[in-house]
Amino acid sequence: MNYNEMLEKARGLVGPYCKACPVCNGKACGNSMPGPGSKQPGNGAARNYDAWQRVFVNMDTICSNDEPDTTFEFNGHKFDLPIFIAPIGALTMHYGDLYDDFSYNDIIIPASVECGSAAFTGDGVDPEIMKRAAAAMAKVGGMGIPTIKPWNVEAVKEKLDVLNESGIFAAAMDIDGAGLPFLKAMNPNAGSKTVEELREVISYAKMPFIIKGIMTPHAAEKAVEAGAAGIVVSNHGGRVLGQTRETADVLPEIAKAVSGKCTIFVDGGLRNGVDVFKALALGADAVLIGRPFIPAVYAAQEDGVRTLYAKYKAELKDTMTMCGAHSLAEISASMVYAEA
C-alpha cells in the first residue's frame, strides 16, 4: 500500500474532524474544537503549514556524488533520521473510535523504533496512558519520549517515578498545555511553570528532559537555564492559543539564541522530507511530525508508520542530494531562501 492508497483507505476510518486530506494543511479541520483543528480564528495549523511553503531550497549539484547520511544523534543514541513522531492524545475524541491512546501508542512505539526513530507519546487525565506507554517502551529498550502535561510538580514527579523505573530514553513536557481547561482547574501550581519549578522537575528525572512549546528566544533561554537537554519549537498547532506566530518564522531566532546549548526540535506543519531539510537549514537539529501518522495508523497500522517514514527519508535524501549536502551537519542556511 503506497501513501496515496493509505490516505484513501483512511478516509473511511478516521473522523469526523480529520478528513485524511491529500495534503494535511490544517484547512479542512480549522476551528474544529475539540479535534485536530485550531483554536479561533482557526488558522494556526494552516499558517504553520503555509510558512514552510514560503521557504525554498537552493539547488546545487556541483559537488561529490556521495550517498547522503541522514543519521542524527541525541543523548548518545544514533537515529537513522532526524524525524520523530509528535505526541498526540485523546484519539477517540479527535480522530474517531477505531483507536484509542493505548492502542495507537502500542503501534507507533515499536514501529518507530523499527524505523530507526522514536515516538513522543501524549499524556492525559487517565494515568494509565503514560504507564502503558512506558511499558511498551520498556519492551524496545526504553526507546521513546513520553510527554507529560504541566500538572502540579507533585503529579509530574509521580509520572516521572514510572518513567525512571522503566528506564525510558528521554522525557518531555508540553509546557504550552498550560492553557488547557483541566489544568487550569487543578491546584496547586498546575499550568505555567517557573524556571525553578522546571529545574526541580528536570533534576528529578533520570533521563534527558525536553521542553516542548517554546516560541521565543527568551523562553528557550529559560528552558536551557532550567537544565533542559532539548527544546521543541511548537505552538501546539494553534489548538491552545490562537494568533501565534508560525514555528518556521520563530525557529531561526530561537536557534540563534540557544544553538549548541541544547538540542533543538521543531514541530508544526512539516509534511515531507523537503520540509525537514528546510527546518534543519533554519536551525533545527531534528523535527516532530504528528498528524500524518494518524491516517497512516488508521489505514495500515505498523505498515502505515513504515510507509510514512520511508517516504520522509527518501524525500530528505533526495533534497540533500540536489542541494549538495552529504550529512545533516552540512545542511546550512545558505541552502534555503525564505520569502519575506
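Computed from a prediction, not measured in an experiment: that's the story for all the values here.

Quick notes on the rules
Residues numbered from 1 in each chain as written. Predicted model: local features only at pLDDT ≥ 70, side-chain atom pairs only at ≥ 80, totals over all residues. Heavy atoms only, no water. Phe/Tyr/Trp six-rings, centres within 6.5 Å; stacked < 30°, edge-to-face > 60°. Helix = DSSP H or I, 4+ residues; strand = E, 2+ residues; numbered from the N terminus. Buried < 20%, exposed > 50% of the residue type's maximum accessible area, 1.4 Å probe, protein only. Lys NZ or Arg CZ within 6 Å of the ring centre and 35° of its normal. Pairing = 2+ DSSP bridges. Right-handed = clockwise from strand over helix to strand, strands pointing away. Contact = heavy atoms within 4.5 Å. Axes fitted to C-alpha atoms, helices over the stretch in contact; angles between N-to-C directions. Parallel < 35°, antiparallel > 145°, perpendicular 65-115°, else oblique. Nonpolar A, V, L, I, M, F, W, Y, C, P; charged D, E, K, R; others polar.

## Some details on the packing of aromatic side chains
Alright, step 1. This model, assessed by the stated rule, comprises 13 aromatic pairs.
Alright, step 2. Between the aromatic rings of F74 and F265, the centroid separation amounts to 5.7 Å while the plane-to-plane angle is 85°, which identifies the pairing as edge-to-face. On the criterion of sequence distance, the pair formed by F74 in strand β2 (residues 72–74) and F265 in strand β10 (residues 263–267) is long-range, its members being 191 residues apart.
Alright, step 3. F74 gets classed as buried once you look at its relative accessible area, which sits at 5%.
Alright, step 4. Between F84 and F265 the ring centres are 5.8 Å apart and the planes differ by 80°, which places this aromatic pair in the edge-to-face class. Linking F84 in strand β4 (residues 83–85) with F265 in strand β10, this pair joins segments that are 181 residues apart in sequence. The same class applies to F84 as to F265, namely buried.
Alright, step 5. Taken together, the ring pairs connect F72, F74, F79, F84, F120, F169 and F265 into an aromatic cluster.
Alright, step 6. Taking the ring centre of Y3 as reference, the NZ or CZ of K311 above it sits at 4.8 Å.

## Digging into the pairing of β10
Alright, step 1. Of all the five residues making up β10, five are buried; the element is thus mostly covered by neighbouring parts of the structure.
Alright, step 2. With four bridges connecting them, strand β9 (residues 230–233) and β10 associate as parallel partners. Across the sheet, the residue bridging to I231 is I264, located in β10.
Alright, step 3. Sheet topology places β10 next to strand β11 (residues 286–289); three bridges connect them, and they run parallel. The residue bridging V266 from the neighbouring strand is V287, located in β11.
Alright, step 4. For the segment spanning β10, helix α11 (residues 273–281) and β11, crossover handedness is right-handed.

## Here we look at the sheet that holds strand β8 (residues 209–214)
By way of backbone hydrogen bonds, the strands of a sheet pair with one another, either parallel or antiparallel.
Alright, step 1. What the eight strands build is an open sheet, ordered β4-β11-β10-β9-β8-β7-β6-β5; its pairing is parallel. Bordering the open sheet on either side are β4 and β5 (120–121), each of which pairs with just one other strand.
Alright, step 2. Of the strands in this sheet, β5 and β6 (145–148) touch helix α5 (residues 128–138), which is tilted by about 165° from β6.

## Here's the deal with the packing of α5 against helix α6 (residues 153–166)
Alright, step 1. Two elements in contact, α5 and α6, have axes whose closest approach is 10 Å; the angle formed by their N-to-C orientations is 10°. By the angle between their axes, α5 is roughly parallel relative to α6. Contacts between α5 and α6 involve M130, K131, A134 and A138 on the former and, on the latter, K159, V162, L163 and S166.
Alright, step 2. Residues belonging to the contact of α5 with α6 are distributed by class as follows: five nonpolar, one polar and two charged.

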